[in-house]
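Spelled out from the first residue to the last, the chains are:
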Amino acid sequence: MTNDNRPLAVFDLDGTLADTAHRQRFLERSPRDWDAFFAAAQHDPPLAEGVALALEHAERCEVLYLTGRPERCRKDTEAWLAAQGLPEGRIRMRRNDDRRPARRTKLEILRGLARDREIRVLVDDDELVCEDAERAGFTVVRARWAAASAALKAAQEREGRT
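Every chain is numbered on its own, with residues counted from 1 as its sequence reads. Per-residue local features of the predicted model are confined to residues with pLDDT of at least 70, and side-chain atom pairs are confined, for both listing and counting, to 80 or more; whole-chain, interface and lining totals are unaffected and use all residues. Hydrogens and water are ignored here; the side-chain numbers use all heavy atoms of the structure.

(A) How the structure looks around the sheet that holds strand β4 (residues 119-124). The sheet built from 5 strands is open, its strands ordered β3-β2-β1-β4-β5 with parallel pairing. Each having just a single partner strand, β3 (90-94) and β5 (140-142) make up the two edges of the open sheet. Taken over all neighbouring pairs, the strand axes of this sheet differ in orientation by 20° on average, direction set aside. Inspection of the sheet shows β4 paired to β5 by 3 bridges, in the parallel sense. Counterpart to Asp124 in the pairing with β5 is Arg142. Across the sheet, helix α4 (residues 102-114) is in contact with β1 (8-11), β2 (62-70), β3 and β4; its angle to β2 comes to roughly 150°. DSSP bridges decide pairing: two strands pair if at least two such bridges lie between them. The helix count covers DSSP runs of H or I at least four residues long, the strand count covers runs of E at least two residues long, and both are numbered beginning at the N terminus. Orientation is described by lines fitted to C-alpha atoms, with helices fitted over the stretch in contact, and by angles between N-to-C directions that extend from 0 to 180 degrees. Here, residues are in contact when the closest pair of their heavy atoms is within 4.5 Å.

Listed below in structure tokens is the structure:
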């Protein structure tokens, strides 16, 4: 835990900071190949718009990464964030066995964080997460700079995988 009292700027990873297009093929097959999908994440190109926004917010806020990636991906995720020159920050990940929709898990975490800290902004590409966060009173920036993936959207909502 940090002693940082600055407001939090909360950033999603996939589709917000990381371009997942090259690994969508693993979700488009049946059955979905989750192990290959997450293993390929270390090769994601950064999304320039998201990276710039994270760097900008890091000047005034503590950056926290809130992802639907499972905990087993932590080491690769930490390495990827560092390799992209993104601000240091805590990473909140999904438990390996948690299959709830992203909008539920992320809103639960946001509400918990907001008990002790101001959340200045949530930056996320998942429209359902954004809608629920806005309804709960959070300021949201919709990350619309990456190509949307129907397979990823279904995975986030129906399978609770990312």
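(B) Focus on helix α5 (residues 127-135). Taken residue by residue, α5 has Val129, Cys130, Asp132 and Ala133 as its buried positions. Looking at the buried residues of α5, the elements they touch are α4, β4 and β5. Any N or O atom pair separated by 3.5 Å or less is treated as a polar contact, with the protein-specific requirement of one donor-capable and one acceptor-capable atom, and with residues adjacent in sequence counted only for side-chain atom pairs. If you check the start of α5, you find a side-chain oxygen 2.9 Å away from the backbone N of Leu128, and it comes from Asp126. Downstream of α5 by one or two residues, Gly137 has phi in the positive range, about 100°. Think of it in three bands: residues with accessible area under 20% of the maximum for their type are buried, residues over 50% are exposed, and the middle band is partly exposed, with areas taken using a 1.4 Å probe on protein chains only.

(C) Spotlight on the pattern of salt bridges. Any Lys or Arg side-chain nitrogen located within 4 Å of an Asp or Glu carboxyl oxygen qualifies as a salt bridge. Following the criterion strictly, the structure yields 22 salt bridges and no others. A salt bridge links Glu62 to Arg90; the nearest nitrogen and oxygen atoms lie 3.2 Å apart. On the criterion of sequence distance, the pair formed by Glu62 in strand β2 and Arg90 in strand β3 is long-range, its members being 28 residues apart. Note that Asp98 and Arg94 form a salt bridge whose closest N and O atoms lie 3.7 Å from each other. Residue class for Asp98 comes out buried when judged on its relative accessible area of 5%. Assessed through its relative accessible area of 5%, Arg94 is described here as buried. Connected via shared salt-bridge partners are Asp14, Arg23, Asp44 and Arg69.

(D) Helix α2 (residues 48-58), seen in detail. Along α2, the residues classified as buried are Gly50, Val51, Leu53, Ala54 and His57. Axial view of α2: buried residues confined to an arc of 160°, hence all on one face. Against β1, β2, β4 and β5 lie the buried residues of α2. Note that the arc is computed from the directions linking the helix axis to the C-beta atoms.

By themselves, these observations are geometric and do not establish any function.
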